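# Overview (structure and organization)
These are the residues of each chain, in order.
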Amino acid sequence: MMDKKMLLENGLLAQYVLGELSAQEREQIEQLLASDAELKAHFDQLEADFEQLGQENAITPPALVKSQLLDSIKSSASNDTKVVDLKPKDNSKWYLGLAASVAALLLVGSFWMYNQLNDVKQQLQTVESNNTELNTTIEVLNKELQDTNTLYTAIVNPDTEQYILKGNALLPEAKVVSYVNHKTKSVVINTERLPKLDANHDYQMWADVEGEMINMGVISKDKNLMTMAYIDRAESLNITIEPAGGNDHPSVEKLVTNVYLN
């Protein structure tokens, strides 16, 4: 015969709650619970603990399962069927679909990130290219500024002497202003009044030293104010028309202007 001590020591209350006992054992336990308030309180607490444990570890089924269950109940009710055969649904397709969707999202995300990375790389390349161009421009401007300062300093120097080269009969409209400083050994010329030549010819400047013409450089077509090579003991400055790029020796017949130095 089952008593309170046996019930508690053998965990029969827990088995009762879980529905693991026979009908006879359940009947005996129910009689004991009805006659023993302390045992009933213990049972109520055990039952509450099991319920709490179940709620904390419950897994919410997909909404699809609930809707299918309700549809099955309604269908069986309308057919007056007392037994509802709930066949386990194969969720493999659902999981495969979910996996495919996740894979697709990851693929799209990876593609988007790849494009973003390429865009960033292109932007960085553009910035680097712009920085390179900007640095080159700054270097060119600095060089031009230095050249301008050099020209200005040479012209305004008190020791600089000015000489005017006027055109001869070959080119009467020609006029070149030269600035010669024998102390700093510099020569600056202004060719604004020198007529333009075609692409096949250039002006070239020469210094006459004891009857020998020494090259001072080809006159640029892109500048009106420029420096030329200083030649020691030059007796005169001379400009001739030469083939494009200059010549090793002057074409005397193409002399267009000259001036003698004091």
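The structure reproduced in this document is the subject of the present report. This structure is a prediction, so every number in the text was calculated from the model and none was measured.

To continue, consider the overall build of the protein chain. The helix and strand inventory of the protein chain stands at six helices and eight strands. Secondary structure of the protein chain in N-to-C order comes out as α-α-α-α-α-α-β-β-β-β-β-β-β-β. Counting only residues that meet the buried cut, the protein chain has 24% of its 262 residues in that class. Considering only intrachain contacts with a sequence separation of at least 6, the fraction spanning at least 24 residues in the protein chain is 53%. Approximately 18,800 Å² of the protein chain is accessible, and the part contributed by carbon and sulfur atoms is 55%.

Working note: regular strand, side chains alternate between the two faces of the sheet. With six bridges connecting them, strand 4 (residues 201–209) and strand 5 (residues 212–218) associate as antiparallel partners. The residue of strand 5 that forms the bridge with M205 is G217. Following strand 4, the chain reverses through two residues before pairing antiparallel with strand 5; E210 in that reversal takes a positive phi of roughly 55 degrees.

Residue placement: D208 occurs in strand 4. Lacking a salt bridge, the buried D208 has R233 as its closest oppositely charged neighbour, with an N-O distance of 9.7 Å. Polar contacts involving the side chain of D208 include one to the main-chain amide nitrogen of G211, which spans 2.9 Å. Here E212 takes part through its backbone nitrogen, which lies 3.4 Å from a polar atom of the side chain of D208. With residues near it in sequence (within four places) discarded, D208 still touches M213, R233, A234, E235, S236 and N238.

Under the defined criterion, the tally for this structure stands at two cavities of 30 Å³ or more. Taken as a whole, the second largest cavity holds about 50 Å³ of empty space. Each residue belonging to the lining of the second largest cavity can be placed in one class, and the counts come to 10 nonpolar, one polar and no charged.

The subject of this paragraph is the layout of surface pockets. The space that makes up the largest pocket amounts to roughly 200 Å³. E144, D147, T148, T150, L151, K223, N224, L225, M226 and T227 together form the lining of the largest pocket. Of all the elements in the fold, those that place two or more residues in the lining of the largest pocket are helix 6 (92–156) and strand 6 (225–228). Sort the elements by how many residues they give to the lining of the largest pocket and helix 6 lands first, with five residues. Residue composition of the lining of the largest pocket, grouped by class: three nonpolar, four polar and three charged.

This part covers the sheet that holds strand 7 (residues 236–243). Read from one edge of the open sheet, eight strands run 5-4-7-8-1-2-3-6, paired in antiparallel fashion. What marks the edges here is a single partner per strand, and that holds for strand 5 and strand 6. Pairwise comparison of adjacent strand axes, ignoring direction, gives a mean angle of 25 degrees for this sheet. Here strand 4 pairs with strand 7 via eight bridges, running antiparallel. Across the sheet, residue H201 finds its bridge partner in strand 7, namely P243.

Unlike most non-glycine residues, E210 shows phi in positive territory, near 55 degrees. For E210, the position within the fold is in the loop between strand 4 and strand 5. Positive phi, close to 60 degrees, is recorded for R233, a residue that is not glycine. Note on R233: relative accessible area 59%, which makes it exposed.

A few words now on the pattern of salt bridges. For the coordinates displayed, the defined rule picks out five salt bridges. Across the pair K40 and D44 runs a salt bridge, and its minimum N-O distance is 2.9 Å. Of the two residues, K40 and D44 both sit in helix 4 (residues 37–56), four residues apart, roughly one turn of that helix. With relative accessibility at 33%, the residue K40 sits in the partly exposed group. The partner of R233 in a salt bridge is E210, with the nearest N and O atoms 3.6 Å apart. Remark: E210 occurs in the loop between strand 4 and strand 5 and R233 occurs in the loop between strand 6 and strand 7; sequence separation between them is 23 residues. Here the two residues R233 and E210 agree in accessibility, since each one is exposed.

What counts, and at which threshold
- Every chain's residues receive numbers from 1 upward, in the order its sequence appears when written.
- The predicted nature of this model means local features are confined to residues of pLDDT at least 70 and side-chain atom pairs, given and counted, to a pLDDT of 80 or more, with totals for whole chains, interfaces and linings taken over all residues.
- Derived side-chain values reflect all non-hydrogen atoms in the structure, with water molecules and hydrogen atoms excluded from consideration.
- Helix and strand assignments come from DSSP, with helices taken as H or I runs of at least 4 residues and strands as E runs of at least 2, each series counted from the N terminus.
- Per-residue accessibility, obtained with a 1.4 Å probe over protein chains only, is compared with the maximum for each type, and a residue is labelled buried under 20%, exposed over 50%, and partly exposed between these values.
- Whether two residues are in contact is decided by their heavy atoms, any of which lying within 4.5 Å being enough.
- Each accessible area value is a Shrake-Rupley result obtained with a 1.4 Å probe; residue values ignore everything except the protein chains displayed when judging cover.
- By definition, two strands form a pair when at least two bridges between them are found by DSSP.
- When charges are counted, Lys and Arg are positive and Asp and Glu negative, with His and the chain ends excluded.
- For salt bridges, the criterion is a side-chain nitrogen of Lys or Arg within 4 Å of an Asp or Glu carboxyl oxygen.
- Polar contacts here mean pairs of N or O atoms no more than 3.5 Å apart (in protein, one a potential hydrogen donor and the other a potential acceptor; neighbouring residues in sequence count only if both atoms are side-chain atoms).
- Whether a set of points on the 1 Å grid over the protein atoms alone is a cavity depends on a 1.4 Å probe fitting there but being unable to get out, while an open set qualifies as a pocket with protein on both sides within 12 Å along at least five of seven lines; lining residues are those with an atom within 4 Å of a point.
- Grid points are joined across faces, edges and corners, and a volume is the space filled by probe spheres set on the points.
- Under the convention adopted here, Pro, Cys and the residues Ala, Val, Leu, Ile, Met, Phe, Trp and Tyr are nonpolar, Asp, Glu, Lys and Arg are charged, and Gly plus all remaining residues are polar.
- Only the stretch in contact is used when a helix axis is fitted, and all axes are lines through C-alpha atoms; the angle between N-to-C directions ranges over 0 to 180 degrees.

So, to be careful, I would describe these as geometric facts and stop short of saying anything about function.
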